2 protein chains.
Amino acid sequence: MALDHAILVSLLEQPGSGYELARRFERSIGYFWTATHQQIYRVLKRMEGDGLLDVREVPQQGRPDKKEYSVAGPGRAALAQWLRDPIEPESLRHDLAVKIRGAAFDDPAALVREVERHHRAHSGRLAHYLAGESRDFTGPGAPAPLDAGQELQHVVLRGGIAYERMTIAWLDDVLETLHRITARGPGA
Amino acid sequence: MALDHAILVSLLEQPGSGYELARRFERSIGYFWTATHQQIYRVLKRMEGDGLLDVREVPQQGRPDKKEYSVAGPGRAALAQWLRDPIEPESLRHDLAVKIRGAAFDDPAALVREVERHHRAHSGRLAHYLAGESRDFTGPGAPAPLDAGQELQHVVLRGGIAYERMTIAWLDDVLETLHRITARGPGA
DNA sequence: AACCCCATGTAACGGGTTACATGATTCT
DNA sequence: AGAATCATGTAACCCGTTACATGGGGTT
């Protein structure tokens, strides 16, 4: 149940409403943990009920009021406890790998389009991450030296960049392999 | 719902019982898709009810009888259809990244142990994958040339190897970063 | 005697996804 | 006029996880 903790981290970095959190989960923290607004509202309500979060109703003009959440003392303690609990190194859930193995029982050539789509998607993400890295950490406008929080955000982003680069290289390998086995014909 | 399809692929590669499938999901296909036996039995029953699988009761001596499942015609068609449906490039779910960002609000040094544990786990997996690669695909006892199915299994395994190598390198980066920010003291 | 392996299951719970719903404001 | 943005929610469903249950056979 790491959504709770992802929300705690995000609210410690910056308090905000459920709606704002939902948008952060589309970028930034969402690069390595996803959540929809329905989930977020549900969890915020529960965490508030458990005393982990404080709420403040913020009236706004020209927009609906919002509830600004921030981390309460017990929430901070819960995060600290979680940081001390070991977690299991996670295993992959990779649909595309299942498809690739499944292609042996169908038409491997039909997968080329799909793999190319994924290749484009990952290239797009990589470009996006690199732009963010330059903007926030390595570019001319970025703060230097970085504080501890920024260093940690940066190393997480470097992980995302490494992941996308690795994935793109692997998808190239997959495409090459698909071409190789289809070139020699279905009977080989 | 890719568990269904992972099961179809695995049963096409080799028919087997729920128990055998559960063990395959601890290695092989389990490298990129996990499932417990409870899940597998539930899904097998449903898929059999839907006519996607055939069952054969196999009596055994000295062991409980088993139900050997194999893919029926409609199951093969369902897999072919799924292979044609585009899937979304998946997003990561990376607890450790959440922890790393969260460490900014606690003690970053306390994470070193945890990161080292993950490093060891991934190194172990890499060694395991490399042994499998040598045994099945590149070593002296491996078949050559590989058929299409083997080529596809190999490229998926290369993906796992690339993932573990990338992860290990990133964890080195994380450790270095943690040391750097703790060396300069909590107030920096 | 204790424990692991083979083999199959049920039950309960919780998290994630999808669909639906509301309503004001701002932009094209 | 229509679409997008801000903002919050309910409801239903499915999937995954955890715990519990059974029972024979082999191993230490």
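The rules behind these values
- Residues numbered from 1 in each chain as written.
- Chains lettered and ligands numbered in written order.
- Predicted model: local features only at pLDDT ≥ 70, side-chain atom pairs only at ≥ 80, totals over all residues.
- Heavy atoms only, no water.
- Near = heavy atom within 4 Å.
- Polar contact = N/O pair within 3.5 Å; in protein donor to acceptor, adjacent residues only side chain to side chain.
- Helix = DSSP H or I, 4+ residues; strand = E, 2+ residues; numbered from the N terminus.
- Nonpolar A, V, L, I, M, F, W, Y, C, P; charged D, E, K, R; others polar.
- UniProt positions renumbered as here; feature names shortened; annotations may be inferred.
- Expected span 1.5 Å × (residues − 1).
- Buried < 20%, exposed > 50% of the residue type's maximum accessible area, 1.4 Å probe, protein only.
- Arc of directions from axis to C-beta.
- Contact = heavy atoms within 4.5 Å.
- Buried area = accessible area lost by both parts, 1.4 Å probe.
- Salt bridge = Lys/Arg side-chain N within 4 Å of Asp/Glu carboxyl O.
- 1 Å grid on protein atoms, 1.4 Å probe; cavity = no way out; pocket = protein on both sides within 12 Å on 5 of 7 lines; lining within 4 Å.
- Points joined across faces, edges and corners; volume = space filled by probe spheres on them.
- Axes fitted to C-alpha atoms, helices over the stretch in contact; angles between N-to-C directions.
- Parallel < 35°, antiparallel > 145°, perpendicular 65-115°, else oblique.
- Left-handed = near helix turned anticlockwise from the far one by under 90°.

Observations regarding the protein's contact with DNA strand D
Here's step 1: What surrounds DNA strand D is a group of 25 residues, the closest being Tyr19, Gln60 and Lys67 of chain A together with Met1 and Gln39 of chain B.
Here's step 2: Here, DNA strand D places atoms within 4 Å of the protein, and 59% of those atoms are sugar or phosphate.
Here's step 3: In this structure, a phosphate oxygen belonging to DNA strand D sits 2.8 Å away from a side-chain N or O atom of tyrosine 19 of chain A.
Here's step 4: A distance of 2.7 Å separates a phosphate oxygen of DNA strand D from a polar atom in the side chain of lysine 67 of chain A.
Here's step 5: With five residues, the single largest contributor to the surface near DNA strand D is helix α3 (residues 37–49) of chain A.
Here's step 6: Residues belonging to the surface near DNA strand D are distributed by class as follows: six nonpolar, nine polar and 10 charged.

Considering the UniProt feature "domain: Transcription regulator PadR N-terminal" (unreviewed entry) in chain A
Here's step 1: UniProt records the feature "domain: Transcription regulator PadR N-terminal" (unreviewed entry) for residues 7–80 of chain A in the present numbering.
Here's step 2: Secondary structure within residues 7–80 of chain A divides into 47% helix and 16% strand; the distance between the first and last C-alpha atoms comes to 14 Å.

Remarks on helix α4 (residues 73–84) of chain B
Here's step 1: Compared with the 16 Å implied by 1.5 Å per residue over 12 residues, the 17 Å span of α4 of chain B between its first and last C-alpha is a close match.
Here's step 2: Residues of α4 of chain B that are buried: Gly75, Leu79, Ala80, Trp82 and Leu83 of chain B. Looking down the long axis of α4 of chain B, one finds its buried residues gathered within 160° of arc, a one-sided arrangement.
Here's step 3: On its buried face, α4 of chain B is in contact with α5 (95–102) of chain A together with α1 (2–13) and β2 (66–71) of chain B.

Let's talk about helix α3 (residues 37–49) of chain B
Residue and element names in this part refer to chain B.
Here's step 1: Its 13 residues place the ends of α3 18 Å apart at the C-alpha level, agreeing with the 18 Å of an ideal helix rising 1.5 Å per residue.
Here's step 2: Along α3, the residues classified as buried are Ile40, Val43, Leu44 and Met47. Buried residues of α3 fall within an arc of 105° about the axis and therefore sit on the same side. When the buried face of α3 is taken as reference, the exposed residues oriented beyond 90 degrees from it are Arg42, Lys45 and Gly49.
Here's step 3: On its buried face, α3 sits against α1, α2 (18–24), β1 (53–58) and β2.

Observations concerning the environment of arginine 56 of chain A
Here's step 1: As for its placement among the helices and strands, arginine 56 of chain A is situated in strand β1 (residues 53–58).
Here's step 2: Dropping the residues within four chain positions of it, arginine 56 of chain A is found in contact with Lys66, Lys67 and Glu68 of chain A.

A short note on the interface of chain A and chain B
Here's step 1: The partner chain B presents 68 residues to the 70 residues of chain A that form the contact.
Here's step 2: Between chain A and chain B, roughly 7000 Å² of surface is buried when both sides are summed, and carbon and sulfur atoms account for 63% of that area.
Here's step 3: The three residues of chain A that bury the most area against chain B are Glu90, Arg101 and Phe105 of chain A, which together make up 12% of that side's buried surface.
Here's step 4: Where chain A packs against chain B, one counts nine salt bridges.
Here's step 5: The interface formed by chain A and chain B contains 39 residue pairs in polar contact (both at pLDDT 80 or more).
Here's step 6: Within the residue set of the side of chain A that touches chain B, elements represented by two or more residues are α1 (2–13), α4 (73–84), α5, α6 (112–138) and α7 (148–183) of chain A.

Remarks on empty space enclosed by the protein
Here's step 1: Overall, the coordinates contain one cavity of 30 Å³ or more when judged by the stated rule.
Here's step 2: Together, His94, His118, His122, Tyr163 and Thr167 of chain A together with Pro89 and Glu90 of chain B line the largest cavity.
Here's step 3: Contributions of two or more residues to the lining of the largest cavity are made by α6 and α7 of chain A.
Here's step 4: Its residues assigned to classes, the lining of the largest cavity shows two nonpolar, four polar and one charged.

Section: the UniProt feature "domain: Transcription regulator PadR C-terminal" (unreviewed entry) in chain A
Here's step 1: Sites flagged by UniProt as "domain: Transcription regulator PadR C-terminal" (unreviewed entry) map to residues 92–178 of chain A.
Here's step 2: For residues 92–178 of chain A, the helix share is 76%, the strand share is 0%, and the end-to-end C-alpha distance is 22 Å.

A closer look at the packing of α1 of chain B against α4 of chain B
All names here are of chain B.
Here's step 1: α4 packs onto α1 with a crossing angle of 120° between their chain directions and a minimal axis gap of 10 Å. Taken together, the axis directions place α1 and α4 in an arrangement best described as oblique. Seen from above, α1 lies across α4 with left-handed handedness. Residues Ala2, His5, Leu8, Val9 and Leu12 of α1 form the contact with α4, whose own contacting residues are Gly75, Arg76, Leu79 and Trp82.
Here's step 2: Looking at the contact of α1 with α4 residue by residue, the class counts come to six nonpolar, two polar and one charged.

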